[in-house]
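Fold and geometry: a report
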Amino acid sequence: MTRLSGSVLARAEACPASCALPAVDERSLAASRGIATHRFLAAIAQGKAREEALAQIEDADARSLCERIDATAIPRGEAEVSFAWDPIARSARRLDPSERESPHEIRGTADLILWGDIPVIIDWKTGRPDMHAARAQVEFYAACAASIAWADRAECAIGVIEESSVSWTRWT
């Protein structure tokens, strides 16, 4: 069973049973490379040196992609921020990565947040992302961040990692 989370909202909307039926938990090579790329971007966003961030990538293809990314184009902020949204209280709380959400909460982890008067939520995508699903995911994280920051809104951004650059889609 796949638990409802920020990353499966679009799939749950299209097929609610996907959150109730048994699921196969299998990671593809592309998913593993995406995870490695996310680790690299998180390290850069938190101020690690490029060489140090590259050293943690074992997969040669993921490393090759990350070597071509202009690290100076990656914003600095807080990476891998976990939330739990309470639909009853209509509010969010931060979660420690090892902490579990309660049964009625929806969990999610934002790739990168730039905290300020208006939080900026950034989600990294590799390959050819489903932008409808990506927008739903980022907007969920934006609602959580705005709730925690007592902001009336948040800015959203999706950074699609391409061969040697990041292309951005932004909205409020």
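Note: the structure precedes this text.
Residues numbered from 1 in each chain as written. Predicted model: local features only at pLDDT ≥ 70, side-chain atom pairs only at ≥ 80, totals over all residues. Heavy atoms only, no water.

**Some points on the packing of helix α2 (residues 29–45) against helix α4 (residues 60–68)**
Relative orientation of the contacting elements α2 and α4 amounts to 40°, with a least axis distance of 9 Å. Taken together, the axes of α2 and α4 lie oblique to each other. When you trace α2 past α4, the crossing you get is right-handed. For the pair α2 and α4, the contacting residues are R33, A36, T37 and F40 in the first and D61, A62, L65 and C66 in the second. Class assignment of the residues belonging to the contact of α2 with α4 gives a composition of five nonpolar, one polar and two charged. (Axes fitted to C-alpha atoms, helices over the stretch in contact; angles between N-to-C directions. Helix = DSSP H or I, 4+ residues; strand = E, 2+ residues; numbered from the N terminus. Parallel < 35°, antiparallel > 145°, perpendicular 65-115°, else oblique. Left-handed = near helix turned anticlockwise from the far one by under 90°. Contact = heavy atoms within 4.5 Å. Nonpolar A, V, L, I, M, F, W, Y, C, P; charged D, E, K, R; others polar.)

**Re the sheet that holds strand β5 (residues 155–161)**
Strand order in the open sheet formed by six strands is β2-β1-β3-β4-β5-β6, with mixed pairing between adjacent strands. Looking along the sheet, the strands with just one partner apiece sit at the ends: β2 (91–95) and β6 (166–171). Going from strand to strand, the sheet's axes swing by 40° on average, the running direction of each strand aside. As judged from the three bridges shared by strand β3 (residues 106–114) and strand β4 (residues 120–126), these two strands associate in the antiparallel manner. Each bridged residue has a counterpart across the sheet, and for I113 the counterpart in β4 is I121. Packing against the sheet, α2 makes contact with β1 (78–86), β3, β4 and β5, and its axis sits at approximately 145° to β4. (Pairing = 2+ DSSP bridges.)

**A look at the packing of aromatic side chains**
Remark: the centre distance and the inter-plane angle together describe each pair of aromatic rings, the angle taken between the planes. Applying the stated criterion to the full structure yields two aromatic pairs. Relative to W168, the ring of W124 lies with its centre 5.5 Å away and its plane at 55°, an arrangement referred to as tilted. Within this pair, whereas W124 is found in strand β4, its partner W168 is found in strand β6, the two being separated by 44 residues in sequence. Residue classification places W168 among the partly exposed residues on the basis of a relative accessible area of 27%. Lying over the aromatic face of W171, R135 brings its terminal NZ or CZ to 3.9 Å of the ring centre. Between R170 and the ring centre of W168, over which it is positioned, the NZ or CZ distance is 4.7 Å. (Phe/Tyr/Trp six-rings, centres within 6.5 Å; stacked < 30°, edge-to-face > 60°. Buried < 20%, exposed > 50% of the residue type's maximum accessible area, 1.4 Å probe, protein only. Lys NZ or Arg CZ within 6 Å of the ring centre and 35° of its normal.)

**Digging into the environment of A10**
Relative to the helices and strands, A10 is located in helix α1 (residues 9–14). Note: C-alpha distance between A10 and D130 (120 residues apart in sequence) is 9.6 Å. Ignoring any residue separated from it by four or fewer positions in sequence, one finds A10 in contact with H132, A133 and A136.

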